[in-house]
Amino acid sequence: MMWPFDGSIGSPVESLWLALYLVTFALHAVLVSCVAAGAGYALVAAVRRSADPIAARARDWLPFLLGAGITAGVGPLLFLQLLYQRRFYTANLLMGPRWGAVVPALIVGFYALYLAKASERRRRLALGVATGCFAFVAWSWTELHQVMLDDAGWRAMYAAGERFHTDAAILPRLAIWCGAMLALFAAVFAWPATATERRRLAGLALAGVIVCGAASAIAAALGGGLDPAHGWTYLGIAAAVTAALAWAWTARRPEGPGLSVATAATAAALIAGTVVREAPRLALIEHATATATDAGGLAVFAVTLVIGVAAILWVVRTARSAA
């Protein structure tokens, strides 16, 4: 298996947890990218008072996508706690209520999306509030990531009673995600779009790739240089360049195969990017104790899974029969 899933970071169990964490995180990233970038796109269209079919489609889907994104975030959150127990909980405690504000921000954003969908008169205000809430959540997660890495700053942060971590790497890291979100939003919403809409989304994706690349260069300079991450960085760069060329191809020939290539390359860049993002803190993984590894719980998990799948199928069947 390729690094870091070859057991070099710890036991096979930890390698499995890491693989599951990165896969579930990538899925979560796609969904929340559609929400954050979609809300921003719909806000711009509402401010311009333009009849934009992409924005209308986004408004209709955003509440569902946010619910799906939050649900998909449960998996990576659990694996994150398993892998970085002390660091994750310490960062939570240091940021305190500031970090806890993420939950009410998501609740407000969720209802704002429904208001934007239902009320044309309050649409701009609702979309502005929703976009602001999602920007705050993205900033908070980026800040938490940096706090987890800053062992040396924990004592000073606690002694000063600070709830904000002012690290120079936060802004470029946040910019990387903003660019990635634009590209992922375009990759999802381009499939049901018309040829004219695909051209617009291709331009949006190209802008996202450029922002992501520029911010990555700044982050690498601040971090002391490019970390090859056992070749994953080069794979990510190659995938991003391929995606940019494919999006340019899609802009010229929206009905051609460029969209398929762009989507595949964007997905490859996302997977490589998640590994590169995680590489600096892999050495900080806390190895599982025998008590935790042997605790079991497989039977409970299996029963819960069956009940959960049955409940979902029942909801889907009920909704279809009522339609």
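So, here's what we can say about the structure. From a predicted model like this one, the values you see are computed outputs, not experimental measurements.

## Re the overall build of the protein chain
- Helices and strands together make up the secondary structure of the protein chain, namely 14 helices and 0 strands.
- For 323 residues, the compact-globule formula gives about 20 Å, and the C-alpha radius of gyration of the protein chain, at 21 Å, lands near that figure.
- Dimensions of the protein chain, computed from C-alpha atoms along their principal axes, come out at roughly 55 × 50 × 45 Å.
- The contacts of the protein chain with a sequence gap of at least 6 include a subset with a gap of at least 24, amounting to 77%.
- Accessible area of the protein chain: about 16,900 Å², with a carbon and sulfur share of 71%.
- Between the mean site of the 24 positive side-chain charges and the mean site of the 16 negative ones, the protein chain shows a separation of 14 Å.

## Let's talk about the packing of aromatic side chains
- Tallied over the full model, the rule gives 11 aromatic pairs.
- A centroid spacing of 5.2 Å and a plane angle of 75° characterise the contact between Phe-110 and Tyr-114, whose relative ring orientation is edge-to-face. Separated by 4 residues within a single helix, Phe-110 and Tyr-114 lie in helix H6 (residues 102–118), roughly one turn from each other.
- Judged by its relative accessible area of 24%, Phe-110 is partly exposed.
- A centroid spacing of 6.0 Å and a plane angle of 15° characterise the contact between Trp-139 and Phe-164, whose relative ring orientation is stacked. Here Trp-139 is found in helix H7 (residues 123–149), whereas its partner Phe-164 is found in the loop between helix H8 (151–160) and helix H9 (170–189), with 25 residues between them in sequence.

## Points about helix H4 (residues 85–95)
- Buried residues of H4: Arg-87, Phe-88, Ala-91, Asn-92, Leu-94 and Met-95, and no others.
- Residues of H4 that are buried make contact with helix H3 (74–83), helix H5 (97–100), H7 and H8.
- A positive backbone phi angle near 55° is found at Gly-96, which sits one or two residues after H4.

## Let's talk about the packing of helix H2 (residues 53–72) against H6
- Running from amino to carboxyl end, H2 crosses H6 at an angle of 155°, the nearest separation of the two axes being 8 Å. Here H2 lies roughly antiparallel to H6, going by the angle between them. Judged by the twist between their axes, the crossing of H2 over H6 is left-handed. In this structure, H2 contributes Arg-59, Asp-60, Leu-62, Pro-63, Leu-66 and Gly-67 to the contact, and H6 contributes Leu-106, Gly-109, Phe-110, Leu-113, Tyr-114, Ala-116 and Lys-117.

## Topic: helix H1 (residues 12–48)
- Given a rise of 1.5 Å per residue, 37 residues ought to cover 54 Å, and the 53 Å separating the end C-alpha atoms of H1 matches this to within 8%.
- Backbone geometry just downstream of H1 places Arg-49 in the positive-phi region, at approximately 55°.

## Examining the pattern of salt bridges
- A complete count under the given rule lists 6 salt bridges for this structure.
- Put simply, Arg-57 and Glu-197 hold a salt bridge, and the shortest N to O gap is 3.2 Å. Here the residue Arg-57 occupies a position in helix H2, and Glu-197 occupies one in helix H10 (residues 195–222), the gap between them amounting to 140 residues.
- What makes Arg-57 partly exposed here is its relative accessible area of 21%.
- Among the salt bridges present, the one from Arg-87 reaches Asp-151, with a minimum N-O distance of 3.0 Å. Taken together, the positions of Arg-87 in helix H4 and Asp-151 in helix H8 put the pair 64 residues apart, joining distant regions of the chain.
- Here the salt bridges share partners, and the residues they tie into one network are Arg-277, Glu-278 and Arg-281.

## Quick word on the environment of Phe-189
- Mapped onto the elements of the fold, Phe-189 is located in helix H9.
- As for Phe-189 and Thr-318, which are separated by 129 residues in sequence, their C-alpha atoms are 27 Å apart.
- Here Phe-189 is in contact with Cys-34, Arg-57, Ala-58, Leu-65 and Leu-201, once residues within four sequence places are set aside.

## A closer look at the environment of Trp-17
- Take Trp-17: it is sitting in helix H1.
- Note on Trp-17: relative accessible area 16%, which makes it buried.
- With 61 residues separating them in the primary sequence, Trp-17 and Leu-78 have C-alpha atoms 9.7 Å apart.

## A word on the packing of H9 against H10
- Where H9 meets H10, the axes come as close as 7 Å, and the angle between the chain directions of the two elements is 155°. If you check the angle between H9 and H10, you find them roughly antiparallel. The way H9 lies across H10 gives a crossing that is left-handed. In this structure, H9 contributes Pro-172, Ala-175, Ile-176, Gly-179, Ala-180, Leu-182, Ala-183, Phe-185, Ala-186 and Phe-189 to the contact, and H10 contributes Leu-201, Leu-204, Ala-205, Gly-208, Val-209, Val-211, Cys-212, Ala-215, Ser-216, Ile-218, Ala-219 and Leu-222.
- Broken down by class, the residue content of the contact of H9 with H10 amounts to 19 nonpolar, 3 polar and no charged.

Cut-off values and rules
Residues numbered from 1 in each chain as written. Predicted model: local features only at pLDDT ≥ 70, side-chain atom pairs only at ≥ 80, totals over all residues. Heavy atoms only, no water. Helix = DSSP H or I, 4+ residues; strand = E, 2+ residues; numbered from the N terminus. Rg over C-alpha atoms; globule rule 2.2 N^0.38 Å. Contact = heavy atoms within 4.5 Å. Areas by Shrake-Rupley, 256 points an atom, 1.4 Å probe, with all protein chains shown as cover. Lys, Arg positive; Asp, Glu negative; His and termini not counted. Charge placed at Lys NZ, Arg CZ, Asp CG, Glu CD. Phe/Tyr/Trp six-rings, centres within 6.5 Å; stacked < 30°, edge-to-face > 60°. Buried < 20%, exposed > 50% of the residue type's maximum accessible area, 1.4 Å probe, protein only. Axes fitted to C-alpha atoms, helices over the stretch in contact; angles between N-to-C directions. Parallel < 35°, antiparallel > 145°, perpendicular 65-115°, else oblique. Left-handed = near helix turned anticlockwise from the far one by under 90°. Expected span 1.5 Å × (residues − 1). Salt bridge = Lys/Arg side-chain N within 4 Å of Asp/Glu carboxyl O. Nonpolar A, V, L, I, M, F, W, Y, C, P; charged D, E, K, R; others polar.

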